[in-house]
Amino acid sequence: MAAMFDWNDLRHLIAVSRSGSTLAAARALGVNQSTVHRRLLELERRTGLTLVRRQPAGYRLSELGEAVIDDVTAVETAVENLERKIDSLKHDLKGVIRLTCPEPTVARIAASGLLDRFNARYPGLTVEFVTSDRYLDLVKGEADVAFRSGEPTDERLMGRRICDSVWAIYASKDYIRKHGQPESIADLAKHALIGFDGIMQNHRVATWLPTAVPGARIASRCSSMLGVVSSVKAGVGVAPLPTTLGDAEETLVRILPPVPELTRAWYLLTPSDLRRTPRIAAFVDCVLDDIPALRAALVG
């Protein structure tokens, strides 16, 4: 049935049935009279039915045309209702946007003013943080949008690279007074290190550390990034940290420069099937208009 007719051909049949002439139908539709003739002929060819008959005073529906016109106008009504619904959905900027990101970045994002500016532009939309040290599954609906470091591997996600996530080695001032300061990555083997555990055990730092520092002495393991920061601040040991977090702590010292192997890009990600929904499109577009604020929140 989809190949039997084109909706545009049906519009021309309706216009002729209402106006009684191809000229008046052409004026109503804003097309040439020849277009109306061509569309009617094409509709009759596709359906195999003679739908209109020419009279001295114009056109009228044939008996077969009269038999189908109510169904044709029902199609018109359905299309108009669908168009109104689509238009309404496009402008329905209400609801909740679930944003996932590492817990330590929440306060920085909130302090950047980015969300305040978004709420001022779209007062009907609310951003809800869904924090986790693991990567939530956007495709399965665990969140709508993510600020995430690392190259996206799921082709069902749409992304925009924002900036780099840079990591360096940190220790507390108290730890350095008691144990001295490492001079190189290899020198870390002489020091107590903070390791990752639980949902963080597959983090790139957890896989990098045993290779870079064979025989590393792990003094503590943490299952969250905030736990690692707390352990380093407490002087339990030394650990790689994002420079955004490490540099923000007055009691911590960046004892070694950024580690290239740990550098990853920050991405703004959302499922491709959500990207065009009004609320998600509004949020993503607003964020992309405010990239400097987002970069400052993610990397300082």
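For every chain, the first residue of the written sequence is number 1, and numbering continues from 1 onward in sequence order. Only residues with pLDDT of 70 or above have their local features reported here, since the model is predicted, and side-chain atom pairs are shown and tallied only from 80 upward, although totals for entire chains, interfaces and linings are computed over all residues. Water and hydrogen atoms play no part in the side-chain values, which are based on all heavy atoms of the structure.

(A) A look at the overall build of the protein chain. Note on conventions: DSSP H or I runs of at least 4 residues are helices, E runs of at least 2 residues are strands, and numbering of each starts at the N terminus. Along the protein chain, the regular secondary structure elements total twelve helices and twelve strands. To get the radius of gyration, use the C-alpha atoms; to get the globule rule, take the number of residues to the power 0.38 and multiply by 2.2 Å. On C-alpha atoms alone, the protein chain measures out to a radius of gyration of 32 Å, which is more than a quarter above the 19 Å that the 2.2 N^0.38 rule sets for 300 residues. Dimensions along the principal axes, computed over C-alpha positions, put the protein chain at roughly 110 × 40 × 25 Å. Whether two residues touch is decided by their heavy atoms; if any such pair falls within 4.5 Å, the residues are in contact. A fraction of 73% describes how many contacts in the protein chain between residues 6 or more apart in sequence connect residues 24 or more apart. For every accessible area listed, the method is Shrake-Rupley and the probe measures 1.4 Å; residues are considered covered only by the protein chains on display. Entry remark: accessible area of the protein chain is about 16000 Å², with carbon and sulfur atoms responsible for 50%. Separation of charge centres in the protein chain, based on 38 positive and 36 negative side chains, amounts to 2 Å. For this count, His and the chain ends are skipped, Lys and Arg are scored as positive, and Asp and Glu as negative. For this purpose, a charge sits on NZ of Lys, CZ of Arg, CG of Asp or CD of Glu.

(B) How the structure looks around helix H5 (residues 103-111). Buried residues of H5: Pro104, Thr105, Val106 and Ile109, and no others. At the exit of H5 stands glycine 113, carrying a positive phi of roughly 85°. Summary of the burial criterion: residues with accessible area below 20% of their type's maximum are buried, those above 50% are exposed, and those between are partly exposed, where the area comes from a 1.4 Å probe applied to protein chains only.

(C) How the structure looks around the packing of helix H1 (residues 7-19) against helix H2 (residues 22-29). At their nearest, the axes of H1 and H2 sit 8 Å apart, and the two run at 120° to each other. In this view, H1 runs oblique relative to H2, as classed from their interaxial angle. Considering how the two elements wind past one another, H1 and H2 form a crossing that is right-handed. For the pair H1 and H2, the contacting residues are Arg11, His12, Ala15, Val16 and Ser19 in the first and Thr22, Ala24, Ala25 and Leu29 in the second. Of the residues contributing to the contact of H1 with H2, the split by class is five nonpolar, three polar and one charged. In this analysis, axes come from line fits to C-alpha atoms, helices being fitted only over the stretch in contact, and the angle between any two N-to-C directions falls in the range 0 to 180 degrees. Any angle that is under 35 degrees is reported as roughly parallel, and any over 145 degrees as roughly antiparallel; angles of 65 to 115 degrees are reported as roughly perpendicular and all others as oblique. Left-handed describes a crossing in which the near helix is turned anticlockwise from the far one by less than a right angle; the clockwise case is right-handed. Residue type decides the class: Asp, Glu, Lys and Arg count as charged, Ala, Val, Leu, Ile, Met, Phe, Trp, Tyr, Cys and Pro as nonpolar, and the leftover types, Gly among them, as polar.

(D) Here's a closer look at the sheet that holds strand S7 (residues 167-172). Two strands form a pair only when DSSP identifies at least two bridges running between them. Within the open sheet, the three strands sit side by side as S10-S7-S11. Their pairing is antiparallel. Two strands in the sheet have a free side with no partner beyond their single neighbour: strand S10 (239-242) and strand S11 (252-256). Geometrically, the sheet is characterised by an average inter-axis angle of 55° between neighbouring strands, direction not taken into account. Two elements, S7 and S11, share four bridges in a ladder whose sense is antiparallel. Looking at the pairing, alanine 171 lines up with valine 253 of S11. Packed onto the sheet, helix H9 (residues 225-233) meets S7, S10 and S11 and runs at close to 125° relative to S10.

(E) Structural view of the packing of H5 against helix H12 (residues 291-299). At a closest axis distance of 8 Å, the pairing of H5 and H12 adopts a crossing angle of 145°. The crossing of H5 and H12 is right-handed. Residue-level inspection shows Thr105, Arg108 and Ile109 of H5 in contact with H12, the latter providing Ala296, Ala297, Leu298 and Val299. Of the residues in the contact of H5 with H12, the class split is five nonpolar, one polar and one charged.

(F) The arrangement of the side chain of serine 62 in detail. Within the secondary structure layout, serine 62 lies in the loop between strand S2 (58-61) and helix H4 (63-90). Residues in contact with serine 62, not counting those within four places in the same chain, are Thr50, Leu51, Val52 and Arg53.

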